[in-house]
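A structural walkthrough
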Amino acid sequence: MTTTLPAEGIHETGGPERLSMRAARLHRVGEPMVIEEVDRPRATGTDVIVEVKACGMVPNLGNVLANWETWYPHEPLPPRPAIFGLDPVGIVHEVGEQVINLAPGDRVYVNPSRSCGACHPCASGRPQTCDYWTFAGYFGFNQNSLEMYDKYPYGGFCEYMKAPQSAIVKLSDNLDFRQATRLGYLGTAFSAVKKCGPLAGKTLIVNGASGTLGVGVTLVALALGVSRIFAVARGIPLLERLRAIAPARIEIFSNVEGSTAEWVRSRTGGLGADLMIDALGAVASLDDFKDAMLGVARGGRIVDIGGTAGELGVDVKWLMDEARELIGSAWFTTAESMELVDMIRYGVIDMSVLQPKAWPFEQINEAINGVTSGEGGFTSYLVEI
Ligand SMILES: [Zn+2]
């Protein structure tokens, strides 16, 4: 795959075009990424080539990659040398001969979700339950993902990436590339909020509210009409910032100061909240998850998107007797990200509270190590290619 010199070729539109590109590749976990020249992919069939302009940076990616294969040995990273990068945005550069609804010049987000496209779950619009489901540029969900990485070895930390047309989402004119790198986390939030059902008149606990997912959940739930949000996190300063988005509808609580369940029940006449979305991170305490869950009312629904791992110890009779539901929600569909972009297009969701923090491509290793948790979910971290 690696070439030593940038080759020159003739593009269909005339004029010379490089046949290689710059890509940041990880050769070994624990080492820095190396920017080097590799073969540039070309579009065939139903695939498109996107000229990447920016790509979201997963907070603390270096630490995540260093631990992933130990934490979750059944979920493979892409074979090294690998091009990571989960949330790419850019311009369609070239389309395969079978592509109909996309053209060079389109500004797009690339959903990193890859699946076989042909099984019953895929045909039903549920690619996350496909046995080949894989995050391009991040990790796979079982060994079948290695086959997907062979077909789609490109994350967003390179100049040109290949992706199937089914993964492409056209951006609205009022969504710039920097803000659009947030569509992965926002889409995950949106899909979870949709699983809550109609929100009008409802109350919602957002656990881990000040993080990247939690801020997204708050923005989407407010847009979709939730009446009250009980925002729970550790630190008060970020919670205060969150409450300022809608002071009449958001109440905040630091779970360092006591029990989330007791606080929510004290605010709801003892009943608890209708809904909860858990947005805690991978290394959070499950005690915090469980405590918040116990603040959900009879008939309530709990949706988990945060990535905390472990045995929760749920009393299933508590779930059954009072008709509660506990739902796992992974990522989102391309259709949901199209809906999300339309909500941004027409001002249903206001992105202005999110502040992009960008690094140039050449500083990708500084970017990986430069994401700090103190700024919380109001900052969108990204690399510009
Ligand atoms: Zn499938």
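Residues numbered from 1 in each chain as written. Predicted model: local features only at pLDDT ≥ 70, side-chain atom pairs only at ≥ 80, totals over all residues.

Quick look at the packing of helix H5 (residues 183–195) against helix H11 (residues 334–345)
- The geometry of H5 relative to H11 is characterised by a closest axis approach of 10 Å and an angle of 100° between their N-to-C directions. If you check the angle between H5 and H11, you find them roughly perpendicular. Along the contact surface, H5 presents Leu183, Leu186, Gly187, Phe190 and Ser191, while H11 presents Glu336, Ser337 and Leu340.
- Its residues assigned to classes, the contact of H5 with H11 shows four nonpolar, three polar and one charged. (Axes fitted to C-alpha atoms, helices over the stretch in contact; angles between N-to-C directions. Helix = DSSP H or I, 4+ residues; strand = E, 2+ residues; numbered from the N terminus. Parallel < 35°, antiparallel > 145°, perpendicular 65-115°, else oblique. Contact = placed C-beta atoms within 7 Å. Nonpolar A, V, L, I, M, F, W, Y, C, P; charged D, E, K, R; others polar.)

Thoughts on helix H7 (residues 236–243)
- Among all positions in H7, only Leu238, Leu239 and Leu242 are buried. Along the axis of H7, the buried positions cluster into a sector of 100°, meaning they face one direction only. Opposite the packed face of H7, turned more than 90 degrees from it, sit the exposed residues Pro237 and Glu240.
- Residues of H7 that are buried in the fold lie against helix H6 (212–223), strand E13 (228–233) and strand E14 (250–254). (Buried ≥ 20, exposed ≤ 12 C-beta atoms within 10 Å, placed from the backbone. Arc of directions from axis to C-beta.)

Considerations on the environment of glutamate 240
- Within the fold, glutamate 240 resides in helix H7.
- For glutamate 240, a count of 12 C-beta atoms within 10 Å gives the class exposed.
- Here the alpha-carbon distance between glutamate 240 and asparagine 207, two residues 33 residues apart in the chain, equals 15 Å.

What to know about the sheet that holds E14
- Pairing within the open sheet is parallel, and its six strands lie in the order E14-E13-E12-E15-E16-E17. The open sheet is flanked by E14 and strand E17 (325–328), the only strands paired with a single partner. For this sheet, the mean angle separating the axes of adjacent strands, direction not counted, is 20°.
- Where strand E15 (residues 273–278) meets strand E16 (residues 296–304), five bridges bridge the pair, whose relative direction is parallel. (Pairing = 2+ DSSP bridges.)

Brief notes about the environment of asparagine 101
- Tracing the backbone through its elements, the reader meets asparagine 101 in the loop between strand E6 (87–95) and strand E7 (107–110).
- Counting along the chain gives 64 residues from asparagine 101 to glutamine 165, while the straight-line C-alpha distance between them is 8.5 Å.

Side note on the pairing of strand E5 (residues 47–56)
- Among the 10 residues in E5, nine count as buried, and that is most of the element.
- Relative to strand E10 (residues 160–164), E5 runs antiparallel, the two being bridged by five bridges. Across the sheet, isoleucine 49 pairs through a bridge with lysine 162, a residue of E10.
- Note: E5 against strand E19 (residues 379–384), three bridges, orientation antiparallel. Bridge pairing links cysteine 55 to valine 383 in E19.

Looking at the pairing of E10
- With five of five residues buried, E10 is to be regarded as a mostly interior element.
- Judged by which residues are buried, E10 turns out to be covered on both faces: Tyr160, Lys162 and Pro164 on one side and Met161 and Ala163 on the other are all buried.

A closer look at the confidence of the model for the chain
- In the predicted model, the chain carries a mean pLDDT of 93, and 95% of its residues have values of at least 70.
- Segment residues 1–12: pLDDT under 50, and 20 contacts once partners within four positions in sequence are set aside and those in other chains are kept. (pLDDT = per-residue confidence, 0-100.)

With respect to the nonpolar core
- Counting residues in hydrophobic clusters, the biggest one holds 111 residues, and the most contacted among them are Cys158, Leu204, Ile205, Val206, Val217, Ala231 and Met276.
- Of the domains in this structure, domain 1 (8–182 + 354–384) and domain 2 (185–328) are the two that each give at least three residues to this core.
- Among all residues touching methionine 276, those that are not within four sequence positions of it are Leu204, Ile205, Asn207, Ala292, Met293, Val296, Gly300 and Ile302. (Core = buried A, V, L, I, M, F, W, Y, C linked by C-beta atoms within 7 Å. Domains from an automatic or database assignment.)

Here we look at the environment of glycine 56
- Relative to the helices and strands, glycine 56 is located in strand E5.
- For the pair glycine 56 and cysteine 130, spaced 74 residues apart in the sequence, the C-alpha separation amounts to 25 Å.
- Here glycine 56 is in contact with Leu86, Asp87, Thr181, Arg182, Gly184, Ser380, Tyr381 and Leu382, once residues within four sequence places are set aside.

Considerations on the domain arrangement of the chain
- Partitioning the chain into structural domains gives domain 1 (8–182 + 354–384) and domain 2 (185–328).
- Averaged C-alpha coordinates put domain 1 and domain 2 at centres separated by 30 Å.
- In terms of residue class, the side of domain 1 that touches domain 2 is made up of three nonpolar, two polar and one charged.

A word on unusual backbone geometry
- Omega for the peptide link from arginine 80 to proline 81 comes to 0°, which places this bond in the cis form.
- Mapped onto the elements of the fold, proline 81 is located in the loop between helix H1 (61–71) and E6.
- Despite not being glycine, alanine 323 shows a phi value in the positive range, around 55°.
- At tryptophan 331, a residue that is not glycine, the phi angle is positive and equals roughly 55°.

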